[in-house]
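If you want the building blocks of each chain, they are given just below.
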Amino acid sequence: MKKNSMEIKFKALAENEPFARNVVAGFILPLNPSLNELDDIKTAVSEAITNVVVHAYPQNTGYVTMKVTTQDNYVTISIVDNGIGIQDIERALTPFYTSKPNEERSGMGFTVMESFMDKLEVISNGSGVTVKMGKAIEKKVAGL
Amino acid sequence: MQIKSRIVNKTLYILLSGELDEYTAPNVRKTLDTMLETEKGFIQIVLDLSELTFMDSTGVGVLIGRYKKMREKNKPIFITNPSRNAERIFKMSGLYEIMPKIV
Ligand SMILES: Nc1ncnc2c1ncn2[C@@H]1O[C@H](COP(=O)(O)OP(=O)(O)OP(=O)(O)O)[C@@H](O)[C@H]1O
Ligand SMILES: [Mg+2]
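Bear in mind the structure is a predicted one, so any value in this text is a computation, not a measurement.

**Student:** Can you explain the overall build of chain B? Please cite residues and give values.
**Tutor:** In terms of regular secondary structure, chain B is built from three helices and four strands. Mapped in sequence order, the helices and strands of chain B form the string β-β-α-β-α-β-α. Relative to a compact globule of 103 residues, whose C-alpha radius of gyration would be 13 Å, chain B shows 12 Å and is just as compact. Across its three principal axes, chain B shows a C-alpha extent of roughly 35 × 25 × 20 Å. Across the 103 residues of chain B, 52% fall into the buried class. A separation of at least 24 residues holds for 69% of the contacts in chain B among residues at least 6 apart in sequence. Total accessible area on chain B stands at roughly 5100 Å², and carbon and sulfur atoms take up 50% of it.

Here is the structure:
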């Protein structure tokens, strides 16, 4: 039952996206993920951070808090903002739904998170959004 | 992100190298639009993604935006050499129905 965790808070700016996804990738390296597993997680993290950057703070830039926990071979990532929140979560999770159809968005962010991770949970209670994602890293046999 | 283009046999080949996300998207849009407007003598476009090392759903929006502009000029766009994850995102979003994949 080896447990590890980290937490960082940074400005919700597009230029912090590469930083955020690479921090997660670096943190989970002890679990010995495959390149495909790393790619999946980096893409899902990027989707969640992009959503904070694009949707959460229409007025002034806010912050995003990212927590990563590993327990044995399981990774849990929480991405939390204090922005405008999501009124209708079911609609937001629907493939192709976007509240910004005039800004070249495809409405596929949550669908990508759902299919690249094993678990996705979206919580919004009036003050911001919490996206919680989980994925099991396959155990590799030593010597292979 | 680096974008290079060349025309061979009336086909405009565009090679995207680097990462396409919300951070790089504004520049990618601008560079592609300038290329598509200033290059002359091509009838179709091939987007070569062999050197695209990262892409998320923002990339789909960028590509659909360029597709809409080229559709007005009757110039089809094709995609080649997507990464495993780019391929999954394109399939999920139905992008290949408007920008077919070629090998
Ligand atoms: N952190 C957030 N704060 C407020 N609204 C959000 C947040 N994340 C998502 N949303 C809402 O959920 C909708 C769906 O998100 P999703 O990521 O699936 O699509 P998108 O961001 O609109 O487009 P794409 O991700 O393809 O560029 C968004 O259009 C937005 O209205
Ligand atoms: Mg999104």
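**Student:** Break down the pairing of strand β2 (residues 63-71) of chain A for me, with residues and values.
**Tutor:** Residues and elements named next belong to chain A. When strand β1 (residues 3-11) meets β2, the two strands line up antiparallel, connected through nine bridges. Counted as the bridge partner of I8 is M66 from β2. With eight bridges connecting them, β2 and strand β3 (residues 74-81) associate as antiparallel partners. Within β3, the residue paired with T65 across the bridge is V80.

**Student:** Explain the pairing of strand β4 (residues 119-124) of chain A residue by residue, including any values.
**Tutor:** All names here are of chain A. Only one face of β4 is buried, namely the one carrying L120, V122 and S124, since none of K119, E121 and I123 on the opposite face is buried. Of the pairings in the sheet, the one linking β4 to strand β5 (residues 129-136) comprises six bridges and is antiparallel in character. Note that in β5 the partner of E121 across the bridge is K132. In this structure, the hairpin formed by β4 and β5 is closed by a connection of four residues, where G126 is found at a positive phi of approximately 100 degrees.

**Student:** Now, about unusual backbone geometry: what can you tell me, with residues and values included?
**Tutor:** Residues and elements named next belong to chain B. Of note, K10 is a non-glycine position whose phi angle comes to about 65 degrees, a positive value. Structurally, the position occupied by K10 is in the loop between β1 (2-8) and β2 (11-20). Look at K10 and you get exposed, because its relative accessible area is 52%. Although it is not a glycine, N81 sits at a positive phi angle of roughly 60 degrees. Mapped onto the fold, N81 is located in the loop between β4 (77-80) and α3 (84-93). N81 sits in the partly exposed class, given a relative accessible area of 41%.

**Student:** Lay out the interface of chain B and chain A in plain terms, naming residues and giving numbers.
**Tutor:** Across the boundary between the two partners, chain B contributes 21 residues, which contact 26 residues of chain A. Both faces considered, chain B and chain A share a buried interface measuring about 1900 Å² in area, 51% of it formed by carbon and sulfur atoms. On the chain B side of the contact with chain A, E22, F54 and M92 of chain B bury the most area, a combined 27% of that side's loss. At the surface where chain B touches chain A, the tally comes to seven salt bridges. Note that E104 of chain A and R66 of chain B form a salt bridge whose closest N and O atoms lie 3.0 Å from each other. Breaking the side of chain B that touches chain A down by element, the ones donating at least two residues are β3 (44-55), α2 (57-72) and α3 of chain B.

**Student:** Describe the packing of helix α1 (residues 17-27) of chain A against helix α2 (residues 35-56) of chain A, listing the residues and the values that go with them.
**Tutor:** Residue and element names in this part refer to chain A. Look at α1 against α2: their axes get within 9 Å of each other, and the N-to-C directions meet at 140 degrees. Of the two elements, α1 crosses α2, and the hand of that crossing is right-handed. Contacts from E17, A20, R21, N22, V24 and A25 in α1 reach L38, I41, K42, V45, S46, I49, T50 and V53 in α2. Split by residue class, the contact of α1 with α2 holds eight nonpolar, three polar and three charged.

Conventions and cut-offs
Residues numbered from 1 in each chain as written. Chains lettered and ligands numbered in written order. Predicted model: local features only at pLDDT ≥ 70, side-chain atom pairs only at ≥ 80, totals over all residues. Heavy atoms only, no water. Helix = DSSP H or I, 4+ residues; strand = E, 2+ residues; numbered from the N terminus. Rg over C-alpha atoms; globule rule 2.2 N^0.38 Å. Buried < 20%, exposed > 50% of the residue type's maximum accessible area, 1.4 Å probe, protein only. Contact = heavy atoms within 4.5 Å. Areas by Shrake-Rupley, 256 points an atom, 1.4 Å probe, with all protein chains shown as cover. Pairing = 2+ DSSP bridges. Buried area = accessible area lost by both parts, 1.4 Å probe. Salt bridge = Lys/Arg side-chain N within 4 Å of Asp/Glu carboxyl O. Axes fitted to C-alpha atoms, helices over the stretch in contact; angles between N-to-C directions. Left-handed = near helix turned anticlockwise from the far one by under 90°. Nonpolar A, V, L, I, M, F, W, Y, C, P; charged D, E, K, R; others polar.

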